[in-house]
Amino acid sequence: MPDVINLSSRTEGQLPPGLLEFIRAAGELAQQRQQRLYLVGGAVRDLLLGRDNLDIDLVVEGDAIKLAGEIAGDYRAKVTAHPRFGTARLEWKGGRADLATARAESYARPGALPAVQPGTITDDLARRDFTVNAMALELNPRHYGELLDPHGGRRDIAARLVRVLHDLSFTDDATRIWRAIRYEQRLGFRIESATMKLLKRNVNMLSTVSGDRLRHELELVLKEESPEKPLRRAGELGVLGKLHPALRGDDWLAETFALARQDQADPSPQLYLALLAYRLTAPELDSLISCLRLPKASAEILRETPELKKNIRELSMSGLAPSRIFDLLHGHSPTAINALCLASGSPNAAGHCELYTGVLRNVRPSLTGEDLKKMGVPEGPGIKEILLKLREARLDGRVDSKRQEEEMVRGLISGV
Ligand code: ATP
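(A) Here's a closer look at the packing of aromatic side chains. This structure, assessed with the given rule, holds five aromatic pairs. Between F22 and W92, the aromatic rings sit 3.9 Å apart at their centres with planes inclined by 15°, giving stacked as the arrangement. In this pair, F22 sits in helix α2 (residues 17-32) while W92 sits in strand β4 (residues 87-92), placing the two residues 70 residues apart along the sequence. Judged by its relative accessible area of 12%, W92 is buried. Their ring planes at 20° and their centres at 6.1 Å tell us that W252 and Y278 sit as a pair that is stacked. On the criterion of sequence distance, the pair formed by W252 in helix α12 (residues 251-263) and Y278 in the loop between α13 (269-276) and α14 (282-291) is long-range, its members being 26 residues apart. What makes W252 partly exposed here is its relative accessible area of 24%. Overall, Y278 belongs to the buried group, its relative accessible area being 8%. One residue, R24, lies across the ring of Y144, its end atom 4.0 Å from the ring centre.

So this is what it looks like as structure tokens:
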């Protein structure tokens, strides 16, 4: 029999007291119900790696939703149940945990979602993506902290390898190709050589994956600390090109992403996406948008870029009047402008974009349409015209008080 590895002292050292108390209490309750409860997936992997991870995934050999309800009663936690998936989320003052029923899966065809039925923890670990993610830690008091590692996850963590559990893994679910790249780059691991052969052989299987699932994987990549790393690797392996052949994970992208991080603490995935797609033409963008089934708001931001890029020459000039900068950028989203600012490579253009988003965008005249009517401007398009002129004068510093605006309006009315 293999040695029993017990990680309870690691859990004590690494998990915050609130979470620790919670998983112990949950384990005791499961024991009373004669069910086995486990901590699984990324939390176990990161425990072994000594990395912080507050994403607590629990698996019970039994009814997860029922057990979640009982834990919640003891713990004054809020439960959100998803009966279709047999999962529940628990949220309480000290944290959050997801609880699932142990399940066995089978794949009817590549890319399809698997058929699922309740199973044992062994079944549940066997359906997972990589050995390092296919370990469990028992939480029942008598075996608290004992590691279940049927696929050699600990060995692969020591060797820093990402390895699939079986040869059909990428065929069953090609999103694992993106996941392998993401873990490899995040953890500083290497995709193990047989896994790499399978990955390369199955890159085409990405076409079996729905746009929604591809988008989800790309979003996870863009939420990484340094998304340029997995994107570069995905480029080298021909994976990025499956989203669109014109996408590049090159030095330019790495430098521009790094610039984005210098500019703001935590760039949004949407900004990274706008930068990734920046060099695409309008028709290329359309095909990327449909491949990823991007929601309308995100698609609109990407579609702004070709239009904005037309203004880049003028924006790169020095001595532009603020009102001209305003005209060149007005109506565009802050994210698209931000992407332009970072990607332009022109200090002048970047400065103009910053001036617009920081100051000019909020400049308005003091006078309103009502004020103009009271001053004798007849109702109709003339009102809007004067308001625009007032804003332009404000932007360029020709007026800077309500009184000066009134003087200007009087001059306009009298045709001076
Ligand atoms: P991260 O640190 O990226 O959140 P994680 O391991 O917690 O890592 P999740 O995406 O939250 O990742 O998934 C939780 C667990 O579910 C994984 O550890 C893995 O065991 C399993 N899993 C997720 N996606 C898949 C998949 N496509 N195929 C097989 N198993 C998967």
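(B) Main features of α14. Among the residues making up α14, those that are buried are L285, L288 and I289. In a view along the axis of α14, the buried residues occupy a sector of 100°, so they form one face of it. Exposed residues pointing more than 90 degrees away from the buried face of α14 are listed as P283 and S290. The inward-facing, buried residues of α14 contact α15 (296-309). Downstream of α14 by a residue or two, R293 has a phi angle that is positive, lying close to 45°.

(C) Geometry of the site of the ligand. Surrounding the ligand, one finds 16 residues, the nearest of these being R45, R128, D173, R176 and R186. A distance of 3.3 Å is found between an oxygen atom of the ligand and a backbone nitrogen or oxygen belonging to G42. Contacts to the ligand include N133, whose backbone N or O atom sits 3.1 Å from an oxygen atom. Look at the ligand: alone it shows 590 Å² of surface, and the protein chains cover 77% of it. Sorting the residues of the shell around the ligand by element identifies α3 (42-49) and α8 (175-187) as the ones contributing at least two each. With six residues, α8 is the largest single contributor of residues to the shell around the ligand. Class assignment for the residues of the shell around the ligand results in one nonpolar, four polar and 11 charged.

(D) Representation of α15. Over its 14 residues, α15 extends 21 Å from the first C-alpha to the last, a length consistent with the 20 Å expected when each residue adds 1.5 Å. S298, A299, I301, L302, E304, T305 and L308 are the residues of α15 that are buried. Buried-residue contacts for α15 involve α13, α14, α16 (312-315), α17 (322-329) and α18 (334-343).

(E) A look at the pairing of strand β5 (residues 95-101). Alignment of strand β2 (residues 56-60) against β5, held across five bridges, turns out to be parallel. Within β5, the position partnered with I56 by the bridge is A97. Sheet topology note: the β4/β5 ladder contains six bridges and is antiparallel. Across the sheet, the residue bridging to R89 is D98, located in β5. The antiparallel pairing of β4 with β5 creates a hairpin that spans two residues between the two strands.

(F) Local environment of the sheet that holds strand β8 (residues 136-138). Read across the sheet, seven strands follow the order β3-β4-β5-β2-β1-β8-β9 without closing on themselves; strand pairing throughout is mixed. Unpaired on one side and paired on the other, β3 (78-82) and β9 (147-148) mark the two borders of the sheet. Where β8 meets β9, two bridges bridge the pair, whose relative direction is antiparallel. Paired with A136 across the two strands is L148, which belongs to β9. Contacts from α3 reach β1 (37-40), β2, β8 and β9, with the element oriented near 65° to β1. The sheet strands contacting helix α4 (residues 64-75) are β1, β2, β3, β4 and β5, and the helix crosses β4 at an angle near 10°.

(G) Representation of the environment of S8 within the structure. Topologically, S8 is positioned in helix α1 (residues 8-14). For the pair S8 and L137, spaced 129 residues apart in the sequence, the C-alpha separation amounts to 8.9 Å. When sequence neighbours within four positions are dropped, the list of residues in contact with S8 reads Y144 and G145.

(H) Summary view of the domain arrangement of the protein chain. Taken domain by domain, the protein chain comprises domain 1 (1-153), domain 2 (310-362) and domain 3 (369-414). Averaged C-alpha coordinates put domain 1 and domain 3 at centres separated by 66 Å.

(I) Molecular detail of the pattern of salt bridges. Throughout the structure, instances matching the rule amount to 35 salt bridges. Note that E407 and R403 form a salt bridge whose closest N and O atoms lie 2.9 Å from each other. Here E407 and its partner R403 are both found in helix α22 (residues 402-413), four residues apart, which amounts to about one turn of the helix. The class of R403 is exposed, set by a relative accessible area of 53%. Beyond isolated ion pairs, a larger network of salt bridges with shared partners links R103, E105, D124, R127 and R128.

(J) Seen up close, the nonpolar core. The biggest cluster of nonpolar side chains holds 110 residues, and the ones touching the most others in it are L58, W178 and L231. Summarising the domain contributions, this core has at least three residues from each of domain 1 (1-153) and domain 2 (310-362). Counting eight residues, the second largest nonpolar core, distinct from the first, contains A100, A102, I121 and A136.

The rules behind each value
- Counting restarts for each chain: residues are numbered from 1 in the order of the written sequence.
- Totals for whole chains, interfaces and linings use all residues, but because this is a predicted model, local features are given only for residues with pLDDT of at least 70 and pairs of side-chain atoms are given and counted only at 80 or more.
- The side-chain values count all of the structure's non-hydrogen atoms but skip hydrogen atoms and water molecules.
- The criterion for an aromatic pair is that two Phe, Tyr or Trp rings (for Trp, the six-membered ring) have centres within 6.5 Å, with stacked assigned to planes under 30 degrees apart, edge-to-face to planes over 60 apart and tilted to the rest.
- By the criteria applied, helices consist of DSSP H or I runs no shorter than four residues and strands consist of E runs no shorter than two, each listed in order from the N terminus.
- Whether a residue is buried, partly exposed or exposed follows from its accessible area with a 1.4 Å probe, protein chains only, as a fraction of its type maximum: under 20%, in between, or over 50%, in that order.
- Throughout this description, the term charge over a ring refers to an Arg CZ or Lys NZ atom that lies within 6 Å of the ring centre and within 35 degrees of the ring normal.
- Along the arc lie the directions from the helix axis toward the C-beta atoms.
- In what follows, a contact means two residues having at least one pair of non-hydrogen atoms within 4.5 Å.
- Proximity criterion: a residue is near a molecule or strand once any of its heavy atoms comes within 4 Å of it.
- Polar contact is the term for a pair of N or O atoms within 3.5 Å; when the atoms are in protein, one must be able to donate a hydrogen and the other to accept it, and sequence-neighboring residues count only if both atoms are side-chain atoms.
- To measure how exposed things are, a 1.4 Å probe is used in the Shrake-Rupley method; for residues, cover is taken only from the protein chains shown.
- The classification used treats Ala, Val, Leu, Ile, Met, Phe, Trp, Tyr, Cys and Pro as nonpolar, Asp, Glu, Lys and Arg as charged, and all other residues, Gly among them, as polar.
- Each residue after the first adds 1.5 Å to the expected span of a helix.
- Two strands are said to pair when DSSP picks up at least two bridges between them.
- Angles shown run from 0 to 180 degrees and are taken between the N-to-C directions of axes, each axis being a line fitted to C-alpha atoms and, for helices, limited to the stretch in contact.
- In this document the domain limits rely on a domain assignment from an automatic tool or a database.
- Salt bridge criterion: a side-chain nitrogen from Lys or Arg within 4 Å of a carboxyl oxygen from Asp or Glu.
- Residues grouped as a nonpolar core are buried Ala, Val, Leu, Ile, Met, Phe, Trp, Tyr and Cys residues, joined through side-chain atoms within 4.5 Å.

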